[in-house]
Amino acid sequence: MGKTTKKSARKFASSGKLKQTIEGRRKHQQAKKKIQGRRGAKGKGKGKERETAVDNMLLEIKEPSKKAKANPKCVCSRYRCNYSLPTLNRVKSVDDFLGAKFMEDDDDSEGEEDEEQPDSDEVEDEESIADDQSFASIDDLEDEGTTHIAELSKLAEKDPEFYKYLQENDKELLEFNPNQSDEDEDDDDEQVDQDGDTQMDDESLPILTNEILQRWKKALLEHRSLRALRRLLIAFRSAAHMNEEDQVLAWSIDSSTMYRKLITTTLRFTPIVLEHHLPYKILPSGKFKPPTQSPKQKTIQKLVLSYFNNIIHLIPQLTDNEMIQLSLTESAKILPYTITSRKSVKAYLKRCLELWSTAEDSVRIAAFLAIRKLASSHDDTILDIVLKSTYLELVRSSKSTSVHKLPSINLMKNSASELFCMDHAAAYQHAFGYIRQLAIHLRNSMKTKTKDAYKLVYNWQYVHSVDFWSLVLGRACSLETQIERGQESELKPLIYPLVQVSLGAIKLVSNARSFPLHLHIIRSMLHLSRHTKTFIPLPSYIVPIITSALAFKKPKPSTLRPLDFDSNIRVPSQYLKTRVYIDGLVEEGTFVLAEWLASPPIQGSIAFPEIACSRCCHAAQGPLRVKGMVERTEESAKWIEQKRKGVGFAPGEMAEVERWESALKVNESPLAKYVKVQQKARAKRKTLIDKVRYMPLPDLDLPCITNVLRSVRRRPKAKMRSWTIRCPFGVPRSGGTT
């Protein structure tokens, strides 16, 4: 058994032909005995030439095969056998594969490879397979002739006569050793077997060392070995279920350093090996298709699904942000191999959405990239699942909004809008349904007119939903996107219903306490108007806010801090009719009105002087801030009049009007410069406020209150009590008498 075998012989054994060859030799022996019995004593004296001819004739006996042409042939230099080789397509389950039952079947069960996607039932069956069986299928794919060696060892007991025959005529077949190899990779794997797999039966688990991990890494890098990958993933499963009592583990990890190395190595090298053995296609549109089905793909897919489920199980256990980010980044690379498993995909999406809505910014971005990779699948049903789950998670996370939570919600809205712009046709169905849902809530509130009905609209979820769909439509229907796609977006018809729903929400309740919510919706509509070049009559809702604030001639003095309009949709009652609230309301309303007037659809219009005159006449009488905005608007109107003096076309010639408006440089107008200065001042003030808000408290090393109390000495006097306090800063003070 110590003789080294050739690679061709080892492949011959691993193909499953070794058993059939032994059966052929058995038939050859029986036929030879019959011929010798017929010849009797007369045949003993004949020469060796006739015996050799009979042997050659018996060796040419082969089994009938109906599909001999469809299967590969076994070519052996020593034995002239012509049997059809069984392929892995005939393996119906892992148990059949491990038991080698498919070797005994006829060749009629062979079929052509199906390149279409597997059915959902087959995928669910693969998911229900245990991890150990999934790993064993890959092990049998590379372990060469293990079951056949066991059968050869039993021949001496079951059939001593045939075993003696093989010793005399076919000794090389009995000396076959699949564990020996001519290559360094097999030598390393054999040593790993001695270190790892042979210790599985012991009471104590083998300890994973750095030397074993380095051997696996070397085999993965140099040979892309599936056997090394299988052992690495077994160790990864032990790490993922390390603290669970009901799991049967294969390795023991005794240090945090080894745990981190194992996780990092598995995450980084698994996608490389899989891409080498099973490359997948990337379409020109950026979407990916899973690898085509093959015997190798069917076997490896069980291994990958088990590994993918272990990653999903491991992510909640990780506490280091770098490890979580690495697990999300590397797990996204194996999505093409697991996209057919709906159960695993939904579990992975749920885990990514949890991190996307609750983790730190770096982890949020990594989770979003994984979600976007999942949405890039060629399967449209996966995209529908991603879009629906993403929007619902965004709405749940925006139920309560504060100063500290607002930046994370804005990050979620911006990233989710990018997902909805990946496929405009698929996003239209979801956008239409959710905007219609907003309209239904608004209609119910207008009919009922109660406080509970108003709460269906006047809440943070409704405000963030309106803002989110304005971001989606503004990104999808912008001029840059239209030029890039070469056609109008399918989402453009939804601009009108969204504007109607938003303006209806503003008109639902018009009192001083709801002005912050009105400003939130107006900003969303301003963003939509600026990016889609759509005229939205917002001054009809901005000017009443300014005029109502200016109506208070004698506001109440107050020491309250200025109200943060970004993190409030309803004003507290103590702010009403105070100077702090009125000044903030005038400032916010004036700035929003100036932004609307300076937006490209308004400022860039040839009719800007007529629009600005009708909108600003009501706000001409007011504080200096309002007067400054009105003066800049009038200057911009005169600037537009100077530009259009030499126009030689009529207002009805729309082609000439659009050409003139596209050539106009809006950023050079006085109003645009005024708005830019105001934006810089507001951004600077916001930076200072955030810096003070998040600044840590200094360590002043003040004395403890107990030490101060201990320094108080009590000295009784006649009919009076005197208190003397020793100042902890070194200056004595005398207290009063009681």
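It should be noted that the structure appears before, not after, this text.
Residues numbered from 1 in each chain as written. Predicted model: local features only at pLDDT ≥ 70, side-chain atom pairs only at ≥ 80, totals over all residues. Heavy atoms only, no water.

### Description of the pattern of salt bridges
Pairs can form between side chains of opposite charge whenever their charged atoms are close. Applying the stated criterion across every chain yields a total of 19 salt bridges. With its nearest N and O atoms 2.5 Å apart, the salt bridge here joins D467 to K413. Of this pair, D467 sits in helix α23 (residues 460-476) while K413 sits in helix α20 (residues 406-420); the two residues are 54 residues apart in sequence, bridging distant segments of the chain. For the pair formed by D467 and K413, the shared burial category is buried. Linked through salt bridges whose partners overlap, the residues forming this network are R523, E587, E588, R682 and R685. (Salt bridge = Lys/Arg side-chain N within 4 Å of Asp/Glu carboxyl O. Helix = DSSP H or I, 4+ residues; strand = E, 2+ residues; numbered from the N terminus. Buried < 20%, exposed > 50% of the residue type's maximum accessible area, 1.4 Å probe, protein only.)

### Notes on the environment of I385
If you trace the backbone, I385 turns up in helix α19 (residues 380-397). For the pair I385 and V345, spaced 40 residues apart in sequence, the C-alpha separation works out to 9.7 Å. Apart from residues no more than four positions distant in its own chain, I385 is found in contact with K346 and L349. (Contact = heavy atoms within 4.5 Å.)

### Description of the environment of S398
Positionally, S398 belongs in the loop between α19 and α20. Residue S398 is classed as buried on the basis of its relative accessible area, which comes to 1%. Spatially, the C-alpha atom of S398 lies 9.7 Å from that of N410, the residues being twelve residues apart in sequence. Here S398 is in contact with I409, W460, Q461 and H464, once residues within four sequence places are set aside. Reaching out from S398, the side chain makes a polar contact with the backbone oxygen of V395 at a distance of 3.1 Å. (Polar contact = N/O pair within 3.5 Å; in protein donor to acceptor, adjacent residues only side chain to side chain.)

### Looking at the nonpolar core
Among the nonpolar cores identified, the biggest contains 155 residues, and L328, W356, W469, L491, M525 and L538 are the most heavily contacted of them. Residues in contact with M525, not counting those within four places in the same chain, are V466, L498, V499, S502, I536 and L538. (Core = buried A, V, L, I, M, F, W, Y, C linked by side-chain atoms within 4.5 Å.)

### Some remarks on the packing of helix α13 (residues 256-277) against helix α15 (residues 321-331)
The contact between α13 and α15 brings their axes to 9 Å, and the two run at 20°. As far as their axial angle goes, α15 and α13 are roughly parallel. Considering the relative orientation of α13 and α15, their crossing is left-handed. Between α13 and α15, the contacting residues are R260, I263, T264, L267, R268 and P271 on the first element and E322, M323, L326, S327 and E330 on the second. (Axes fitted to C-alpha atoms, helices over the stretch in contact; angles between N-to-C directions. Parallel < 35°, antiparallel > 145°, perpendicular 65-115°, else oblique. Left-handed = near helix turned anticlockwise from the far one by under 90°.)

### Considering the packing of aromatic side chains
What the rule picks out here adds up to 15 aromatic pairs. An angle of 85° between the planes, with centres 5.3 Å apart, marks the rings of F420 and W469 as edge-to-face. Taken as a pair, F420 in helix α20 and W469 in helix α23 lie far apart in primary sequence, 49 residues in all. Members of the aromatic cluster, connected to one another through ring pairs, are Y391, F420, Y434, F468 and W469. Directly above the ring of F591 sits R682, whose terminal nitrogen or CZ lies 4.2 Å from the centroid. (Phe/Tyr/Trp six-rings, centres within 6.5 Å; stacked < 30°, edge-to-face > 60°. Lys NZ or Arg CZ within 6 Å of the ring centre and 35° of its normal.)

### Some points on the side chain of S445
Considering the arrangement of structural elements, one finds S445 in helix α21 (residues 424-448). Of the polar contacts made by the side chain of S445, one reaches the backbone oxygen of H441; its length is 3.0 Å. Setting aside its immediate chain neighbours within four residues, S445 contacts A453, Y454, L456, V457 and L508.

### Focus on unusual backbone geometry
Even without being glycine, R224 reaches a positive phi, approximately 50°. Inspection of the secondary structure assignment puts R224 in the loop between α11 (210-223) and α12 (226-240). In this model, K449 sits at a positive phi of 55°, which is unusual for a non-glycine residue. Counting through the fold element by element, K449 comes out in the loop between α21 and α22 (451-454).

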